[in-house]
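Descriptive structure summary
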Amino acid sequence: MPAVAPTTAPDTAIAAASRKPRLQLEISKVLSDLSGIDITPADASANFLELGFDSLLLTQATLALGRALGAKVTFRQLMEQFPSVDALADHMDALLPPAAFQPAPATPAASLPTAPPLALAAAPAFAATPAFAVPPTDATALLFTQQIASLSQLFAAQIAALQTAALQTAAGAGTGPSAAATLQPPTLVAPLTPGVSSEAAETRTPADSAASNLKDTDVKHGSFRPVQPRVSHALSAGQERYTAELIARYESRTPASKRATAAARPHLADPRAVAGFRPQWKEMVYPLVCDRARGSRLWDLDGNEYIDIVNGYGCILFGHSPDFVVRAAHEQLDRGVAIGPQSALAGEVAKLITELTGNERVTFCNTGSEAVMAAMRVARTVTGRDRIVYFSGDYHGTFDEVLVRKTPRGSAPVAPGIPGGSTANITVLDYGTDESLTWMRTHADELAAVLIEPVQTRHPENKPFAFLRAIRDITAASGTAMILDEVVTGFRLAPGGVQEHLGLRADMCTYGKVIGGGHPIGVLSGKAQYLDALDGGAWQYGDDSAPEVGVTFFAGTFVRHPLAMAAARAVLQHLKEQGPELQRELNRKTAALAESLDRFFVERGVPSRVDHFASWFYFTFAGDAKLASLFYYAMRTRGIHIQEGYPCFLTTAHTDADLASVEAAFRETILDMQAAGVMPGGNVPAKTQAPREAPMHEFALAVAPVRVALTEPQREVFLAAALSDDANCAFNESLTVRLLGPVREADLRFALDAAIARHDALRSTVSEDGENLRFDP
């Protein structure tokens, strides 16, 4: 790198210098902070959607960019007119007044330190170029360039020392510590990320930074699916024909639902009425409007009958409007619905819950979200700590503190309108990993609670039960509350939920959905040690006892609603009478259906797997199935009520004939879509017998390893990597390949052997002296 000559740029030259690079840097910083994805110079011209930014993030970006740039930016502009860092920077450069984003007044060049000339060959390749090239007439750029030169000089000195140390080692000279042992790479100081402790921030490495370049696909959270109003796909003639025919069939079948949705839109703000929006099929983007429901079926306003496999997102376990629940609700309505006085059924329902779950005490609320909120507040009250841990992929409700996602840079709000401060006492970890256990052990004394969705509804294949037991050990030792969110698994997996299934006892559990029999209810239940914080603990009449435990605040007008209590008593009594065989039989039926569908998907090459747990299953199509959303509309035209992005739940009301109809509709829909080229896959070739051995390259058969001299770029990489393990990680790249279907082990072994035999680089290592590349047999 040549030395930067000290020059004084005239004021007019500085004013004339392009400010676009500074705008690029500012835009990239805003987007990186929001997404957790590092925006590199190579990404500057990439479309925001290609970078993995969905409409949710771009909505957040419009506000943040407006504040940072001092000019309004609209969502539509980011989607259509200026969909990249480059395009937006050009727009802002033309829009902003001349004085905005200009550099600070030039500092006389004589006052700037000058770096000596540095030989290019001595500098590692990664220290050559600043992020965005800035014209050399810019004083800021001069300082930035000189700082880069100084860093390059430092790296060059370290590499020279390593070379000397390597030569001394090769010659067998000296027994003391090598020069390399005394070198310390520059310290990387990372700012404290919300949701990550200072200790965690201090241990961030270049490998963490490299990981930030991965396009984080976990931006969706739970059931949230942001609207994509401008996303369209190029269609072939066959795809256009299929889409047009499906729209016509769907509209002609459900005109009353469409009219009702259109009439309500000016007054009713309903996110589900716009779910799955695409311009190419906007004419059928409306929900089915239900007229009535009974058993396994529901009917829309046009009188169409559907087999329901959404079932209230899990709250319907016995079919719609089961007789024993309807009877109990009618009886309560006849008695009246008194709000304010205590429900006569509250104590009985609480006792039934403790009998079925084994928990000690119970309190009621209106939703699962409220139950989780209460559990977190109680945990903080009892432990005197603030930080809560939960896991990527969990869904815990709709309040701010559980609408947080994990990014490579820490925790961030999931949607617009959620303050960044909501992440301050939340840490989101990966579910089921040893790294997460290590983090929790390290920080256990800081944690009020670990909140867990034991089997995530959208990841039923992930059942890390050993991980749950390890969390129980960690939390028990540190006095941290272990909270199981059993809003879905509770009473559906088994009468006692996951606790019964695993023989595990949490400190608190949240429930909802199933227990209400279709009526809104939430339940927090658990050990008296924690639930006492709501009412002060047990005391008696007729003596001097009194509440002795410090309490927190929790209340609600409709808590212990008489209708909800009546429905819950009927459900709990039914579960108690039927025993655990009710869940076992339903779980068995679910497994049979899900596994049959999964085999069909594999046979047809459909880019999806069907995973199941208890009495639900979940599937989603891979990203290359661009038109897969049409599947859900096509299924509804065949009389199956299903919704994109949600698990499928079965009920005791589903008959074998119902399930056969569901499977037949799945198969017919997939075959039709594949025939039209709308769904990937098709006729999968029959299995071929792999050769018994892979053909070997002559180097692979050599008796002695082959050696070739390292090239200069290879030597630079080797020496730079030798600085430290962290520096070495900077040269690692990873790739994940998802294989669909059962693994044919013989074929997989052959493929790996053939690749390793064919490509010498896969069998190469650098010699100890750093001079040669060695190819092993």
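Here's what I pulled together on the structure shown here.

The rules behind the values
- Each residue is numbered by its place in its chain's sequence as written, counting from 1.
- A pLDDT threshold of at least 70 governs which residues receive local features in this predicted model, and a stricter bar of 80 or more applies before side-chain atom pairs are shown or counted, although totals over entire chains, interfaces and linings include all residues.
- Side-chain figures throughout are based on the complete set of non-hydrogen atoms in the structure, without hydrogens or water.
- Strands are runs of DSSP state E lasting at least 2 residues, helices are runs of H or I lasting at least 4, and numbering of each runs from the N terminus.
- Accessible area is worked out with a 1.4 Å probe on protein chains only. A residue is then buried under 20% of its type maximum, exposed over 50%, and partly exposed in between.
- Contacts between residues were defined by any pair of non-hydrogen atoms, one from each residue, lying within 4.5 Å.
- Areas reported as accessible are Shrake-Rupley estimates using a 1.4 Å probe. Residue values count occlusion only from the protein chains shown.
- Being paired, for any two strands, means DSSP has found at least two bridges between them.
- A helix's residues, less one, multiplied by 1.5 Å, set its expected span.
- Here, the term nonpolar core denotes a set of buried Ala, Val, Leu, Ile, Met, Phe, Trp, Tyr and Cys residues that are joined through side-chain atoms within 4.5 Å.
- Note on patches: the residues involved have over 30% relative accessible area and no salt bridge, like charges join within 9 Å, and the nonpolar side chains Val, Leu, Ile, Met, Phe, Trp and Tyr join within 5 Å.
- Definition used for salt bridges: Asp or Glu carboxyl oxygen within 4 Å of a side-chain nitrogen of Lys or Arg.
- To obtain an axis, a line is fitted to C-alpha atoms, over the contacting stretch when the element is a helix, and the angle between two such axes runs from 0 to 180 degrees between their N-to-C directions.
- His is not counted here, nor are the chain ends, while Lys and Arg score as positive and Asp and Glu score as negative.
- For the purposes of these results, a polar contact is taken to be a pair of N or O atoms within 3.5 Å, where, inside protein, one atom must be able to donate a hydrogen and its partner to accept one; residues adjacent in sequence count only when each atom of the pair is a side-chain atom.
- Comment on the angle field: the value is read as roughly parallel under 35 degrees, roughly antiparallel over 145, roughly perpendicular from 65 to 115, and oblique elsewhere.
- In this classification, Asp, Glu, Lys and Arg are treated as charged, Ala, Val, Leu, Ile, Met, Phe, Trp, Tyr, Cys and Pro as nonpolar, and every other residue, Gly included, as polar.
- Two rings belonging to Phe, Tyr or Trp (six-membered ring only in the last case) form a pair when the distance between their centres is within 6.5 Å. Interplanar angles under 30 degrees mark stacking, angles over 60 mark edge-to-face geometry, and anything in between is tilted.
- To sit over a ring, a charge needs its Lys NZ or Arg CZ within 6 Å of the ring centre and within 35 degrees of the ring normal.
- Handedness of each helix crossing follows the sense of rotation of the near helix against the far helix: counterclockwise by less than a right angle gives left-handed, clockwise gives right-handed.

**Concerning the overall build of the protein**
Looking only at helices and strands, the protein features 25 helices and 19 strands. Within the protein, buried positions represent 47% of all 777 residues. Within the protein, counting contacts between residues at least 6 apart in sequence, those at least 24 apart form 74% of the total. Carbon and sulfur atoms make up 56% of the accessible area of the protein, which totals about 37400 Å².

**Details of the pairing of strand S8 (residues 426–429)**
Covered by surrounding structure in S8 are Ile426 and Val428 together with Thr427 and Leu429, the residues of both alternating faces. Inspection of the sheet shows strand S5 (residues 387–391) paired to S8 by four bridges, in the parallel sense. By the bridge assignment for S8, isoleucine 388 is matched with isoleucine 426.

**Comments concerning helix H19 (residues 562–578)**
Taking 1.5 Å as the rise per residue, H19 with 17 residues should run 24 Å; its terminal C-alpha atoms sit 24 Å apart, in good agreement. Of all 17 residues that make up H19, 12 are buried, and the element is covered over most of its length. Listed as buried for H19 are Pro562, Leu563, Ala564, Met565, Ala566, Ala567, Ala568, Ala570, Val571, Leu572, His574 and Leu575. Buried residues along H19 sit in contact with helix H12 (323–335), helix H13 (346–357), strand S4 (361–365) and helix H20 (581–604). Two residues or fewer after H19 comes glycine 579, characterised by a positive phi angle close to 75 degrees.

**Let's talk about the nonpolar core**
Within the largest apolar cluster, 110 residues are counted, with the highest numbers of intra-cluster contacts made by Met440, Phe619, Phe631 and Phe666. The element best represented in this core is H19, accounting for nine residues. Beyond its immediate chain neighbours, meaning those up to four positions away, phenylalanine 631 contacts Phe619, Phe621, Ile642, Phe666, Thr669, Ile670, Met673 and Met679. Counting 28 residues, the second-largest nonpolar core is a separate cluster that includes Ala44, Phe48, Phe53 and Met79.

**Notes on unusual backbone geometry**
Here the phi dihedral of asparagine 311 falls at roughly 50 degrees; this positive angle occurs in a residue that is not glycine. Structurally, the position occupied by asparagine 311 is in the loop between strand S3 (305–308) and H12. Residue asparagine 311 is classed as buried on the basis of its relative accessible area, which comes to 0%. Non-glycine residue arginine 560 carries a positive phi angle of around 60 degrees. Following the sequence through the fold, arginine 560 ends up in the loop between helix H18 (528–535) and H19. With a relative accessible area of 33%, arginine 560 lands in the partly exposed category.

**Describing a nonpolar patch on the surface**
A contiguous nonpolar surface patch, about 810 Å² in accessible area, is contributed by Leu735, Val737, Leu739, Val743, Leu748, Leu752, Ile756 and Leu762. Examined against the element boundaries, leucine 752 turns out to sit in helix H25 (residues 745–758).

**Section: the sheet that holds strand S14 (residues 616–618)**
Spatially, S13-S14-S16 is the arrangement adopted by the three strands of the open sheet, whose pairing is antiparallel. At either margin of the open sheet sits one strand with a lone partner, and together these are strand S13 (611–613) and strand S16 (648–649). As defined by bridge partners, S13 adjoins S14 across three bridges and the pair is classed as antiparallel. Bridge pairing in S14 places histidine 612 opposite phenylalanine 617. Across the sheet, H20 lies against S13 and S14, angled at about 20 degrees from S14, the strand it touches most.

**As for the side chain of arginine 387**
Looking at the secondary structure, you find arginine 387 in strand S5. Salt bridges are absent for the buried arginine 387, whose nearest opposite-charge side chain, glutamate 446, sits at 5.0 Å. A distance of 2.9 Å separates a polar atom in the side chain of arginine 387 from the backbone oxygen of alanine 424.

**Some words on the packing of H19 against H20**
Interhelical geometry of H19 versus H20 gives an angle of 85 degrees and a closest axis separation of 7 Å. Viewed along their axes, H19 and H20 adopt a mutual orientation that is roughly perpendicular. Seen from H19, the contacting residues are His574, Leu575 and Gln578; seen from H20, they are Glu581, Leu582 and Gln583. The residue makeup of the contact of H19 with H20, split by class, is two nonpolar, three polar and one charged.

**So, the pattern of salt bridges**
If the charged atoms of two oppositely charged side chains come close together, the side chains can form a pair. Within the structure shown, the criterion is met by 27 salt bridges. As a salt-bridge pair, lysine 258 and glutamate 283 come within 2.8 Å of each other at their nearest N and O atoms. Remark: glutamate 283 occurs in the loop between helix H11 (255–264) and strand S1 (290–294) and lysine 258 occurs in helix H11; sequence separation between them is 25 residues. Lysine 258 gets classed as partly exposed once you look at its relative accessible area, which sits at 22%. A salt bridge links arginine 744 to aspartate 747, with the nearest nitrogen and oxygen atoms 2.7 Å apart. Classification of arginine 744 as partly exposed rests on a relative accessible area of 43%. The structure contains a network of salt bridges with shared partners spanning Lys20, Asp86 and Asp90.

**Side note on the packing of aromatic side chains**
Tallied over the entire structure, the rule returns 24 aromatic pairs. Geometrically, the ring pair formed by phenylalanine 631 and tyrosine 632 is edge-to-face, given 5.4 Å between the ring centres and 90 degrees between the ring planes. The structure contains a cluster of three or more aromatic residues connected by ring pairs, namely Phe601, Phe619, Phe621, Phe631, Tyr632 and Phe666. Stacked on the ring of tryptophan 299, the Lys or Arg arginine 292 has its end atom at 4.1 Å from the ring centre. Over the face of the ring belonging to tyrosine 633 we find arginine 636, whose NZ or CZ atom lies 4.9 Å from the ring centre.

**Let's talk about the packing of helix H10 (residues 237–253) against helix H21 (residues 630–637)**
Where H10 contacts H21, the two axes come as close as 10 Å, and the packing angle between them is 45 degrees. The angle between H10 and H21 places the two elements in the oblique class. Every pair of crossing elements has a handedness; the one defined by H10 and H21 is left-handed. Two secondary-structure elements touch here, H10 through Tyr242, Thr243, Leu246, Arg249, Tyr250 and Arg253 and H21 through Leu630, Tyr633, Ala634, Arg636 and Thr637. Along the lines of polarity and charge, the residues of the contact of H10 with H21 split into six nonpolar, two polar and three charged.

**Quick look at the sheet that holds S1**
Taken in spatial order, the four strands make up an open sheet running S1-S2-S3-S15, and their pairing is mixed. Only two strands of the sheet have a single partner each, and these edge strands are S1 and strand S15 (640–641). As judged from the three bridges shared by strand S2 (residues 297–300) and S3, these two strands associate in the antiparallel manner. Within S3, the residue paired with arginine 297 across the bridge is isoleucine 307.

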